[in-house]
Amino acid sequence: MDQYVIKGGTPLHGEVEIGGAKNAALAILAAAVMADEPVTIENIPNVRDINVMIQAIENLGATVDRLDEHTVRLNGATIIGFTVDNEYIRKIRASYYLLGALLGKYKKAEVALPGGCAIGSRPIDLHLKGFRALGAKVEIHQGIVVTRADELVGQHIYLDKVSVGATMNIMMAAAMADGKTTIENAAKEPHVVDVANFLNCMGANIRGAGTDVIRIRGVEKFHGTTYSIIPDQIEAGTFLFAAAATGGDVVVRNVIPKHLEATLAKLLDAGCRVDEFDDAVRVSAREPLKSAHVTTLPYPGFPTDMQPQMSVVLGLAGGTSTVTESIFENRFKYVDELSKMGATIKVEGNIAIIYGVDHYSGARVSAPDLRAGAALVIAGLAADGITIVDDIYYIERGYEHLDDKFRQLGAVIQKVGSEKEIQKFKLKIVS
């Protein structure tokens with residue numbers, strides 16, 4: 001099993017290019033099968049979850065051409081199957097987007113229940129409620145969601161809770177339903193807007209994405225298109241927080257600064273300098289970090305996917321900070337690992353009380369999930385001594401060439417696959 005080994009204590013400096021948004025790309029790949037003409041998708045991140053989704057689409061019979069590392073051309077005209085189930089697809093959360101896409105186009109789908117990181121309860125009941133409202137019959141047999149419909153008819157659907165996944169899944173199914181669908185209390189995240197824009201580029205009639213009311217008028221068929229995925233705001237935030245934690249000065253390029261507003265506001269609270277440009281953001285941390293208080297909220301609030309990284313930064317800030325997690329109930333699993341590095345954090349329910357320390361110390365830690373794994377890498381970059389991060393499989397689900405990009409900024413980090421390679425890294429550092 002691969003690991004990252006890190007020699008910390010070096011402030012990060014320089015520029016880094018941000019890739020396409022994983023969470024947008026996964027849904028857009030699924031939606032692309034709804035067209036019976038070639039669809040070209042650009043700026044796709046080359047990460048594990050994306051590759052699993054592409055393989056699942058290929059297994060359905062769709063024509064898939066990988067034009068380059070970040071560009072895929074798909075054609076759903078050749079699809080012959082409607083069942084999505086293998087050991088890999090069960091490990092990713094986004095498998096459920098194929099439910100909405102296949103149900104919308106073919107009025108039937110069978111997809112394995114989703115997996116993903118164990119950060120708390122993430123039921124798909126709102127997805128299924130939406131499908132049923134549109135006229136589908138939904139059953140679950142042996143871990144597989146089975147949906148069927150003679151026809152889908154537009155309806156007024158109110159989501160009891162803001163859900164990004166349910167918003168996008170219902171949007172896909174409704175895009176080819178008969179009549180008009182209204183989704184109230186819809187998620188407003190940038191990737192919801194990106195999926196709506198993509199569907200519209202294929203011929204859908206969707207209005208209001210980015211607000212809490214989305215209106216969809218169903219169409220009979222979609223046509224081919226070429227589309228580029230938006231930049232990944234979570235990847236961008238990860239590098240900006242790494243700059244803050246290491247006392248560095250980093251510019252992230254190929255970003256949409258508006259998508260980062262909540263993240264940047266908290267970096268300002270923590271005492272960093274922030275400069276925004278048309279498609280780039282610079283964060284420098286020349287002054288000692290200050291305590292801050294953070295609550296995760298649906299967009300445009302502070303993103304739950306940035307919560308572990310924020311906690312790492314606040315762990316090095318003077319005074320006492322609090323981080324309140326309002327989205328997932330099990331997102332503090334990294335605290336025990338961070339404590340091994342000298343952090344002083346007390347978790348009470350959904351609140352982490354963080355008492356700032358002068359520095360972290362290198363230790364051997366394990367990534368419990370995708371974003372927490374990235375946070376532990378940041379802690380290792382800021383720490384004195386050597387840090388080893390195990391289980392980086394989770395990290396590679398959502399970050400492309402993370403170690404390469406950190407090395408571009410001056411970090412001393414290497415991906416290794418054995419204890420022998422770890423010892424060679426240590427010897428090289430000492431010499």
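Refer to the preceding data block for the structure.
About the criteria used
- Residues numbered from 1 in each chain as written.
- Predicted model: local features only at pLDDT ≥ 70, side-chain atom pairs only at ≥ 80, totals over all residues.
- Heavy atoms only, no water.
- 1 Å grid on protein atoms, 1.4 Å probe; cavity = no way out; pocket = protein on both sides within 12 Å on 5 of 7 lines; lining within 4 Å.
- Points joined across faces, edges and corners; volume = space filled by probe spheres on them.
- Helix = DSSP H or I, 4+ residues; strand = E, 2+ residues; numbered from the N terminus.
- Buried < 20%, exposed > 50% of the residue type's maximum accessible area, 1.4 Å probe, protein only.
- Pairing = 2+ DSSP bridges.

Undergrad: It is not clear to me how the layout of surface pockets should be interpreted in this structure. Could you clarify?
TA: Over the atoms, a rolling probe the size of a water molecule traces out where space has been left empty. Of the pockets and cavities examined, the second largest pocket occupies roughly 250 Å³. Breaking the lining of the second largest pocket down by element, the ones donating at least two residues are α7 (233-246) and α11 (370-382). Take the lining of the second largest pocket: its biggest share by element is three residues, from α7.

Undergrad: Is there a simple way to think about unusual backbone geometry in this case?
TA: Excluding glycine, a negative phi dihedral is what most residues carry, and trans is how most peptide bonds are arranged. With an omega of 15°, the peptide bond between Tyr-299 and Pro-300 qualifies as cis. With respect to the helices and strands, the residue Pro-300 is situated in the loop between β18 (293-295) and α9 (307-314). A positive phi angle is found at Asn-43, which is not glycine, with a value near 60°. Its location among the elements puts Asn-43 in the loop between β3 (39-42) and α2 (48-59). Of note, Lys-107 is a non-glycine position whose phi angle comes to about 65°, a positive value. For Lys-107, the location among the structural elements is in the loop between α3 (97-106) and β7 (108-112).

Undergrad: Which parts of the structure should I look at to understand the pairing of strand β15 (residues 249-253)?
TA: Looking down a regular strand, the side chains alternate between one sheet face and the other. Where burial is concerned, most of β15 is hidden: four out of the five residues are buried. When strand β2 (residues 13-17) meets β15, the two strands line up parallel, connected through five bridges. Residue pairing for β15: Glu-17 is matched across the bridge by Arg-253. The sheet contact formed by β15 and strand β17 (residues 280-284) spans five bridges and is antiparallel. From the neighbouring strand, Val-250 faces β17, where its bridge partner is Val-283.

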